[in-house]
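A structural walkthrough
As a plain string of letters, each chain reads:
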Amino acid sequence: MNAFFASIEQELRPELRGQPIGIVPIEAETACCIAASYQAKAYGVKTGIRLDEALTLCPHLIAVQARPRLYVEYHHRIAAAIERCSRSNR
């Protein structure tokens, strides 16, 4: 589930698909990226990099404010699906 937060945003927001995005806790240049899409990673954007540094590496990076509750909800859905599959294989 690499790039998990970014993948969820790209799934729910079609305009972000295929775009380099960085997930940030707040919209400020001093914020750090807590996740990066595969497209952003291709430019060297990594988890933990400051947004201003990420924008230097990838000037067209789109900063997206994190939605933690949504990511937790998706985590629970995935965990439930894995549990259902593992029960059916017992």
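This text follows the structure it describes.
Fair warning: this is a prediction, and the values are worked out from it, not measured in the lab.

**Structural notes on the overall build of the protein chain**
The helix and strand inventory of the protein chain stands at four helices and three strands. Dimensions of the protein chain, computed from the C-alpha atoms along their principal axes, are close to 50 × 25 × 25 Å. Within the protein chain, the fraction of its 90 residues that count as buried is 32%. Long-range pairs, those at least 24 residues apart, make up 45% of the contacts in the protein chain between residues at least 6 apart in sequence. With the model as given, the accessible surface of the protein chain reaches about 5700 Å², and the carbon-plus-sulfur share is 56%.

**Thoughts on the pattern of salt bridges**
In total, this model carries five salt bridges according to the counting rule given. In this structure, the salt-bridge partner of glutamate 15 is arginine 13, at a minimum N-O distance of 3.0 Å. Owing to a relative accessible area of 32%, arginine 13 belongs among the partly exposed residues under this scheme. Here glutamate 83 makes a salt bridge to arginine 87, at a shortest N to O gap of 3.2 Å. Placement of both glutamate 83 and arginine 87 in helix α4 (residues 68-88) is noted, with a separation of four residues, approximately one turn of the helix.

**With respect to the sheet that holds strand β3 (residues 62-65)**
Spatially, three strands are ordered β2-β1-β3 in an open sheet, and the strand pairing comes out mixed. Looking along the sheet, the strands with just one partner apiece sit at the ends: β2 (35-36) and β3. Across four bridges, strand β1 (residues 21-24) lies against β3 in parallel orientation. Across the sheet, residue isoleucine 23 finds its bridge partner in β3, namely valine 64. With respect to the sheet, helix α1 (residues 4-12) is in contact with β1, β2 and β3, its orientation differing from that of β1 by roughly 110 degrees.

**So, the nonpolar core**
Judged by nonpolar contacts, Phe4, Ala6, Ile8, Leu16, Ile21, Ile23, Ala35, Val64, Ala66, Leu70, Tyr71 and Tyr74 together constitute the single largest core of twelve residues. When contributions to this core are tallied by element, the ones reaching two or more residues are α1, β1 and α4. If near-sequence neighbours (up to four positions away) are discounted, tyrosine 74 is found in contact with Phe4, Ile8 and Leu12. Ala31, Ala40, Leu51 and Leu61 belong to the second-largest nonpolar core, a separate cluster that totals eleven residues.

**Quick look at α1**
What α1 keeps buried is the set Phe4, Ala6, Ile8, Glu9 and Gln10. Buried residues along α1 sit against β1, β2, α2 (38-41), β3 and α4.

Cut-offs and rules
Counting starts from 1 at the beginning of each chain's written sequence and moves along it residue by residue. In keeping with the model being predicted, local features are shown solely for residues with a pLDDT of at least 70 and side-chain atom pairs are shown and tallied solely at 80 or more, while totals for entire chains, interfaces and linings include all residues. Calculated side-chain values reflect all of the structure's heavy atoms, with hydrogen atoms and water omitted. The helix count covers DSSP runs of H or I at least four residues long, the strand count covers runs of E at least two residues long, and both are numbered beginning at the N terminus. Summary of the burial criterion: residues with accessible area below 20% of their type's maximum are buried, those above 50% are exposed, and those between are partly exposed, where the area comes from a 1.4 Å probe applied to protein chains only. It only takes one pair of heavy atoms within 4.5 Å for two residues to be counted as in contact. Per-residue and other accessible areas follow the Shrake-Rupley method at a 1.4 Å probe size, with only the shown protein chains counted as cover for residues. By salt bridge we mean one thing: a side-chain nitrogen of Lys or Arg within 4 Å of a carboxyl oxygen of Asp or Glu. Whether two strands pair comes down to DSSP finding at least two bridges between them. Here an angle of 0 to 180 degrees is reported between the N-to-C directions of two axes, which are lines fitted to C-alpha atoms, with helices fitted over the stretch in contact. Remark: nonpolar core denotes a set of buried residues (Ala, Val, Leu, Ile, Met, Phe, Trp, Tyr, Cys) joined through side-chain atoms within 4.5 Å.

Treat this as a map of the structure, not an account of what it does.
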